Amino acid sequence: MNRLSMSDVRQTFLSASFGQGQGRQECLPHGFMVRTRQRRVDGVLLASAATYLLAAAFAFAADGILVEHDAPVPMRDGVVLRADVFRPAEGGPFPVLVMRTPYNKEGKKFDAYVKAGYIVVCQDARGRYKSDGQYESLVRPQTHDAEDGYDTVEWAAKLHGSNGKAGTFGVSYNAFLQWRLAPLRPSSLVAMAASSIPARMTDLEGPGTIRPGRRLQWFYRTISPDLWKRENRPGPQTTKDAAKVWDDGEGERLLHFLPWLKLPDCVFETETEAMRAWLRHPANDPWQLDARCGDIAVPNQNVTGWFDHCNATILLTRAMVAHGRTEAARKGQRLIIGPWGHSTLGKRKIGDLDFGPAAARDTAQAEVRWFDYWLKGRPNGVDKDAPVKIFVMGANRWRDEAEWPLKRAKPTTFFLASGGKAHTPAGDGRLVAKASASAGTDHYRYDPRDPVPTQWTKAMFTVPADQRPLASRRDILVYQTEPLQQPLEVTGHAEVTLHAASSAPDTDFFARLIDVAPDGVARDVAMGMVRARYRRGLDKPMLLKPGEVTRFTIRLGPTSNEFQPGHRIRLDITSSDFPNYDRNHNTAADQNADAELAVAEQTVHHGRRWASKLVLPVIPKVEP
């Protein structure tokens, strides 16, 4: 008997799988069935031989989906990356959808896409899991991400059974990799569905440091285990084991470790020097994704949530609308913003809050519809969809919009006022329509050894948390309106002008917009912060003169919330939110290189010449 090459077997199987006749069914390993044809090559009946040999290279999923594991994808520099390829067992040719990920392709399923008539390629990024090369993390300004993405898209478009058209999809880091490759404009790339990644790393991390709750946990539990395994170093070798070690105490130790520049090498493994280089210059943005939007020629569907810590991705949509290279790119952008967090996109419930059945969206089917239009030319109405679709919380309904931010939003000002006792919700802090004619102040002490604890889940993702557990803290100033008589919709970015003084040469101020229900539930709506030394911009650091009243502008994150009758609008002012944000040390030293912590005495001024205020983008109510 002549020996068959794997390419012979693979080609025989693919020929059978793409509808070239009906033959008998062979029962393959794992109990799945696939149609084959009897065909002789060099006098050998392939139907049974293929059954045996294909098991080495292919696995079969239910419902006629063919999966090829670890297909080698050569890069231009000779490094080989590996991908799983998912195919419809019959029919074709098909467009190809590409996802590149650092999060391990093993075990991922794409049934909704394959059953809709797409070949799906899911690839381990360079230096991750089954792919060769060295991992290059997102703190590096120069990586192979763009070229690797280009080469992978072009490779995928030439797969057997492909019609030559390719799309890319994925959320978060998987979206980051798309935004990196898109400016190179691979000829096969027709459309993207890159969701939930900010345009700039400084929008992800905050001004001047890392957000330890996400970044340290992300590295230790998600990125480093594979690096430890590849380098044969001590440490948990799987994400599951790393999560257990983190939860058993290592997380608390690392979150409180000072200073960041002296974190143990094992935390970032082979990326230690790259991470330290960024921490030495944390005001620098290694991404600048928005700066390359003018080179991108394809449309994108961008999905994010009001409680997604990556919702600064909205800037990418705006940059594409303004500067996209082609008309299709400029007019083809779509932005969908729901009441979701980073890990709950498309879900109706986040944290303990249920936004109702209208909030739920099948994100996979939304992407299928998107690609059906752009890659298959189906007239399904995608081109007629509103450029922006938002979920208005409180009213709990979706609404189509022509742009973001909404041009019809009316800036509405509420001034801070009190009798000097705005501490806690039981204090006398108020939000009023007119600034007080007399000057007033409120004071609190910020101790970085006892920071305000972030109200979020164990997974350390932002949620619309009830703020009542913090009600007794004296380092939070609370200002609120009287109960509303009419509904009031706030859609856009609220902004706080804060006149404050500190005893420290550097400190932080946080502003949090809260919806207070009649039963006392105080739901987080949006928040923002400013690090004092960067109040004039990340490129213009300037320390404070202790005791001097300084104007701070705090832009809150995006939201759309209708405050209902009987509810109160509340603004909290404080100086920490740990471990969501790193603690400001209240010193003039490099916060990432120095471990000294000092107490800051904070004074918020309001009324008269120091009229601190909250400006809300209010949407005028349309009379029926």
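Above this text sits the structure in question.
Rules of the game
Residues numbered from 1 in each chain as written. Predicted model: local features only at pLDDT ≥ 70, side-chain atom pairs only at ≥ 80, totals over all residues. Heavy atoms only, no water. Salt bridge = Lys/Arg side-chain N within 4 Å of Asp/Glu carboxyl O. Helix = DSSP H or I, 4+ residues; strand = E, 2+ residues; numbered from the N terminus. Buried < 20%, exposed > 50% of the residue type's maximum accessible area, 1.4 Å probe, protein only. Pairing = 2+ DSSP bridges. Polar contact = N/O pair within 3.5 Å; in protein donor to acceptor, adjacent residues only side chain to side chain. Axes fitted to C-alpha atoms, helices over the stretch in contact; angles between N-to-C directions. Expected span 1.5 Å × (residues − 1). Bend = angle between axes of the 7 residues up to and from the residue. Contact = heavy atoms within 4.5 Å. Parallel < 35°, antiparallel > 145°, perpendicular 65-115°, else oblique. Nonpolar A, V, L, I, M, F, W, Y, C, P; charged D, E, K, R; others polar. Phe/Tyr/Trp six-rings, centres within 6.5 Å; stacked < 30°, edge-to-face > 60°. Lys NZ or Arg CZ within 6 Å of the ring centre and 35° of its normal.

Regarding the pattern of salt bridges
Next up, step 1: For the structure on display, the rule yields 46 salt bridges.
Next up, step 2: Between R180 and D145 there is a salt bridge; the shortest N-O distance is 3.5 Å. With R180 in helix α5 (residues 173-181) and D145 in helix α4 (residues 145-157), this residue pair connects regions lying 35 residues apart in the sequence. Comparing R180 with D145 shows no difference in burial state: the two are buried.
Next up, step 3: Here K244 makes a salt bridge to D248, at a shortest N to O gap of 2.8 Å. Placement of both K244 and D248 in helix α8 (residues 239-255) is noted, with a separation of four residues, approximately one turn of the helix. Each of the two residues, K244 as well as D248, counts as exposed.

Quick look at the pairing of strand β7 (residues 80-88)
As a general feature of sheets, a regular strand has side chains that alternate between the two faces.
Next up, step 1: Among the nine residues that make up β7, seven are buried, leaving the element largely enclosed by the rest of the structure.
Next up, step 2: Across eight bridges, the pairing between strand β6 (residues 65-74) and β7 is antiparallel. Considered in β7, the bridge of P74 is made with V80.
Next up, step 3: Across four bridges, β7 lies against strand β9 (residues 119-124) in antiparallel orientation. Pairing of D84 across the sheet is with C122, part of β9.

Thoughts on the environment of W287
Next up, step 1: Tracing the backbone shows W287 in the loop between α10 (272-280) and β12 (301-307).
Next up, step 2: Taking relative accessible area as the criterion, W287 reaches 5% and is therefore assigned buried.
Next up, step 3: Each C-alpha atom, one on W287 and one on A199, is 7.2 Å from the other, the two residues being 88 residues apart in sequence.
Next up, step 4: Separated by 2.7 Å, the side chain of W287 and the backbone oxygen of L138 make a polar contact.

Focus: the sheet that holds strand β17 (residues 397-401)
Next up, step 1: Across the sheet, four strands lie side by side as β12-β13-β16-β17; this open sheet has mixed pairing. The open sheet has two free edges, formed respectively by β12 and β17, since each of these has just one partner strand. Along the sheet, successive strands turn relative to each other by an average axial angle of 25 degrees, direction set aside.
Next up, step 2: Pairing of strand β13 (residues 334-341) with strand β16 (residues 388-392) involves three bridges; the strand directions are parallel. The residue of β16 that forms the bridge with I336 is K389.

Looking at helix α7 (residues 212-230)
Next up, step 1: Across its 19 residues, α7 extends 25 Å between first and last C-alpha, which sits within 8% of the 27 Å expected from 1.5 Å per residue.
Next up, step 2: Where α7 bends most, the angle comes to about 55 degrees, and this point is S224, followed within four residues by the proline P225.
Next up, step 3: Among the 19 residues of α7, 15 are classified as buried, and the element is accordingly described as predominantly covered.
Next up, step 4: Phi for N232, located one or two positions after α7, is positive at around 55 degrees.

Considering the environment of I350
Next up, step 1: Looking at the secondary structure, you find I350 in strand β14 (residues 349-350).
Next up, step 2: Spatially, the C-alpha atom of I350 lies 9.3 Å from that of A465, the residues being 115 residues apart in sequence.
Next up, step 3: I350 has contacts with F307, P339, W340, G341, T344, F355, T462, V463 and P464, leaving out every residue within four places of it along the chain.

As for the packing of α4 against α5
Next up, step 1: Axis separation between α4 and α5 bottoms out at 8 Å; the angle between their running directions is 85 degrees. Classified by the angle between their axes, α4 and α5 sit roughly perpendicular to one another. Counting all contacts with α4, which are made through D145, A146, G149, Y150 and V153, the residues of α5 involved are F176, L177, R180 and L181.
Next up, step 2: Here the contact of α4 with α5 is built from residues that sort into six nonpolar, one polar and two charged.

Some details on the packing of aromatic side chains
Next up, step 1: Under the counting rule described, the total for this entry stands at 20 aromatic pairs.
Next up, step 2: Look at F391 and W398: their rings are 5.3 Å apart centre to centre, the planes differ by 75 degrees, and that puts the pair in the edge-to-face class. Here the two residues F391 and W398 agree in accessibility, since each one is buried.
Next up, step 3: Three or more aromatic residues joined by ring pairs make a cluster, and in this case those are Y103, Y173, F176, W218, F219, F268 and W287.
Next up, step 4: Just above the ring of Y118 sits the side chain of K376; from NZ or CZ to the centre is 4.2 Å.

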